[in-house]
Amino acid sequence: MNLTTKVLIGMVLGLIVGLGINWTDIFLMNGSLMMADSFINEYIVNGLFHVVGKMFVNALKMLVVPLVFFSLICGVCGIGDIKLLGRIGTKSFALYMLTTAIAIATAIIISASIGIGEGMNAVTESTFTGKDAPALSEVLIKIIPTNPIQAMAESEMLSIIFFSILVGISILLVGKKAKGLVSNVEILNEVMMKMVGLVMSLAPYAVFCLLAKAMANLGVDLLIELIGYVLVLIGVLLFHLFVTLQTVLFVFSRLNPLVFLKKIRNAQIFAFSTSSSNATIPVTLRTVTERMGVNNSVASFTVPFGATINMDGTAIMQGVATVFIANVYNVDLGIAGYLTVILMSVLASIGTAGVPGVGLIMLSMVFAQVGLPMEGIGLILGVDRLLDMVRTAVNVSGDAVVSSVVAKSEGKLDTSIFDDPDAGAFDVDETHIDEATEKELAETVSAAQDR
C-alpha cells in the first residue's frame with residue numbers, strides 16, 4: 001500500500017473517529033457518564049492524539065532550516081556555470097518568479113473574497129493570540145542577516161534564503177576548487193530528502209491523530225469547511241493553469257495555448273501520478289523538445305531549473321491555506337501580512353524541493369513568519385497529499401510554458417514542430433517490441449541455449 005492510500009485511509013478514519021467522539025461527547029454530557037467523557041477528552045483527544053500530532057508538526061519544523069539551506073545551494077550550483085546566468089538564466093528566473101507571484105496573489109485574492117474558514121473558532125482567545133504581522137519595511141531589512149548562524153537558530157527564513165542563495169552564487173564563482181564542497185552539499189541535501197521521507201512515512205498516523213482531535217473538538221463544521229478549502233484550492237489551481245499560464249504563453253510568445261495544452265498532457269499525467277516535479281523531468285524534457293520544438297540547449301537548463309524553483313502550485317496552496325487558517329483562528333493579517341506571505345512564498349519557491357510533502361514544510365515556514373499557529377497545518381494535512389498531485393501537474397505545466405517562451409524569444413524554438421499535432425507524439429506502448437526484434441531475440445536465446 002503506497003503512502004497516498006495510507007494517508008487517505010488515515011484521513012477518513014480520523015474524520016470518522018473524531019466525529020464519533022464529538023457526537024459521543026454530546027451524548028455523555030447530556031447523560032450521567034461524565035467520567036467517561038472526561039477520560040476520553042483528557043487521555044485520548046488531548047492526550048494521545050495531541051501528543052502524536054504535535055510530535056509530527058515538530059518534526060516538520062525540525063527539517064525546515066537545513067532543508068532550505070542545502071536545497072537552495074544545490075539549486076543555485078545546479079546551474080553549473082555563472083555565465084549561464086545570462087539572458088536565458090535571467091529570463092527564466094524572472095518568468096518563474098513572475099508566475100509564482102501571480103499565483104499566490106491570485107490565491108489570496110480569491111480566498112479572501114470567498115472568506116473560507118470564517119466563522120470557525122478553532123481555539124479561544126486565551127489559548128492562542130496571534131502576534132502582529134511585521135511591517136513590510138522590517139521584513140525587507142531582515143532579509144539580509146547580521147548573523148546567519150543566529151538567523152538559522154531563530155528560524156528567520158527570509159534571511160536564511162538570502163544567505164543560501166549568496167553562498168550558492170559564491171561557490172559558482174570559486175569554480176573548480178569548490179567541486180568537492182558542491183558534492184558534499186549535494187550529499188547532505190540527499191540526506192535531508194531521506195529525512196523528509198522518514199518523517200512523511202509517519203504522516204498517515206499523524207493525519208489520523210490531528211484530524212481526530214480537530215473533529216472531536218470542532219465537529220462536522222470542520223469537514224464542511226475542508227470541502228470548501230479543497231474546492232477553492234482546486235479552482236485556483238485550474239484558473240492558474242488554464243488562464244494565467246496560457247495568457248503568459250500567448251502574450252510573450254504568441255504560441256497557441258490550445259496546442260500547448262494538448263501537447264503537455266502526457267507530462268501532466270505523469271506529474272499527477274508521481275507528485276514529483278523532479279521525477280517528471282525526463283518526461284517534461286522530452287515533451288518540450290520533441291513535442292514543442294524547444295532546442296535542447298534551452299530545455300536542458302530551464303526544465304531542471306524550473307523543477308527546483310518553479311512551485312506555482314505550492315505557492316497557491318500556501319496562499320489559500322494562509323487565508324483559511326487565519327480566518328479559522330481569527331487572526332487579522334492585514335495588507336502587510338499578505339504582502340509578507342507573497343514575498344515569502346516567492347522566495348521560498350526557490351528552496352522548495354520537487355518531492356512530495358515538502359510543500360507542508362514550506363507552509364510551516366510561512367506560518368511562522370506571519371504568526372499563525374503550526375497546529376493549523378493539521379486541519380489541512382489530511383487532504384494535502386491528494387491536492388499535491390494537482391499542484392505538481394500545474395508546476396510541470398509552468399516549467400513547459402517558461403521553456404517555450406524563453407526558447408521563442410531566443411530563436412531556439414522550431415514552430416513547425418510546435419504546430420505539428422503529431423510531432424514527437426508518445427507511442428501508445430513504448431515498451432512493446434516489434435515482431436522482427438522479438439524473433440531475433442528468440443533466435444539469439446535459442447542459440448545460446450544450444451551452446
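Residues numbered from 1 in each chain as written. Predicted model: local features only at pLDDT ≥ 70, side-chain atom pairs only at ≥ 80, totals over all residues. Heavy atoms only, no water.

Thoughts on the packing of aromatic side chains
- Tallied over the entire structure, the rule returns four aromatic pairs.
- Consider the rings of F49 and F208, whose centres lie 5.6 Å apart with planes at 90°: the pair is edge-to-face. Here F49, found in helix 2 (residues 34-77), pairs with F208, found in helix 8 (residues 203-218); they are 159 residues apart in sequence, far enough to count as distant.
- Among the aromatic residues, ring-to-ring pairing joins F69, F70 and F163 into one connected group. (Phe/Tyr/Trp six-rings, centres within 6.5 Å; stacked < 30°, edge-to-face > 60°. Helix = DSSP H or I, 4+ residues; strand = E, 2+ residues; numbered from the N terminus.)

As for the pattern of salt bridges
- Scanning all chains against the criterion turns up two salt bridges.
- The shortest N-O distance in the salt bridge between K91 and E410 comes to 2.6 Å. Note that K91 is positioned in helix 3 (residues 87-114) and E410 in the loop between helix 17 (377-409) and helix 18 (415-419), a separation of 319 residues in sequence.
- For E290, the salt bridge goes to R286, with nearest N and O atoms at 3.3 Å. Taken together, the residues span about one helical turn, with E290 and R286 both in helix 12 (residues 281-291) at a distance of four residues. (Salt bridge = Lys/Arg side-chain N within 4 Å of Asp/Glu carboxyl O.)

Concerning helix 14 (residues 312-328)
- End to end, helix 14 covers 24 Å across 17 residues, agreeing with the expected 24 Å (1.5 Å per residue, within 8%).
- For helix 14, the buried fraction is high: 17 of the 17 residues fall into the buried class.
- Just past helix 14, the residue N330 takes up positive phi, approximately 55°. (Expected span 1.5 Å × (residues − 1). Buried < 20%, exposed > 50% of the residue type's maximum accessible area, 1.4 Å probe, protein only.)

Regarding the nonpolar core
- Counting residues in hydrophobic clusters, the biggest one holds 116 residues, and the most contacted among them are Y229, F260, V320 and F324.
- If sequence neighbours within four positions are ignored, Y229 has contacts with I116, M317, V320, A321, F324, I380, V383 and L387.
- I21, V45, C209 and A216 belong to the second-largest nonpolar core, a separate cluster that totals six residues. (Core = buried A, V, L, I, M, F, W, Y, C linked by side-chain atoms within 4.5 Å. Contact = heavy atoms within 4.5 Å.)

Describing the packing of helix 3 against helix 14
- Two elements in contact, helix 3 and helix 14, have axes whose closest approach is 8 Å; the angle formed by their N-to-C orientations is 25°. With respect to helix 14, the element helix 3 is oriented roughly parallel. Considering how the two elements wind past one another, helix 3 and helix 14 form a crossing that is right-handed. Contacts from Y96, T99, T100, A103, I104, A107, I108, S111 and A112 in helix 3 reach D312, A315, I316, G319, V320 and V323 in helix 14.
- When the residues that make up the contact of helix 3 with helix 14 are grouped by side-chain class, the tally is ten nonpolar, four polar and one charged. (Axes fitted to C-alpha atoms, helices over the stretch in contact; angles between N-to-C directions. Parallel < 35°, antiparallel > 145°, perpendicular 65-115°, else oblique. Left-handed = near helix turned anticlockwise from the far one by under 90°. Nonpolar A, V, L, I, M, F, W, Y, C, P; charged D, E, K, R; others polar.)

Side note on helix 7 (residues 179-200)
- Taking 1.5 Å per residue as the helical rise, helix 7 with its 22 residues ought to reach 32 Å, and the 32 Å between its terminal C-alpha atoms agrees with that figure.
- Of the positions making up helix 7, those classed as buried are V182, V185, N189, M192, V196, V199 and M200. Taken end-on, helix 7 shows its buried residues confined to a sector of 90°, consistent with a single buried face. Residues of helix 7 that are exposed and point over 90 degrees away from its buried face: K179, E190, K194 and L198. (Arc of directions from axis to C-beta.)

Looking at the environment of G117
- Structurally, the position occupied by G117 is in the loop between helix 3 and helix 4 (136-142).
- Along the chain, G117 and Y329 lie 212 residues apart, while their C-alpha atoms are 8.6 Å from each other.

Some points on the confidence of the model for the chain
- Mean pLDDT over the chain stands at 76; residues scoring 70 or higher make up 75%.
- The least confident element of the chain is helix 19 (residues 435-450), whose mean pLDDT is 55; the most confident is helix 10 (residues 257-263), at 91.
- Within the model, pLDDT remains below 50 along residues 123-134, and this stretch shows 18 contacts once partners closer than five positions in the same chain are excluded.
- Across residues 351-356, where pLDDT falls below 50, the model places 26 contacts with residues more than four positions away in sequence or in other chains. (pLDDT = per-residue confidence, 0-100.)

Regarding a nonpolar patch on the surface
- There is a patch of nonpolar side chains on the surface, built from L98, I102, F250, V251 and F252 and spanning about 410 Å² of accessible area.
- Elements represented by at least two residues in the nonpolar patch include exactly helix 3 and helix 9 (220-253).
- Top contributing element to the nonpolar patch by residue count: helix 9, with three residues.
- Within the secondary structure, F252 is located in helix 9. (Patch = residues over 30% accessible without salt bridge, like charges linked within 9 Å, V, L, I, M, F, W, Y side chains within 5 Å. Areas by Shrake-Rupley, 256 points an atom, 1.4 Å probe, with all protein chains shown as cover.)

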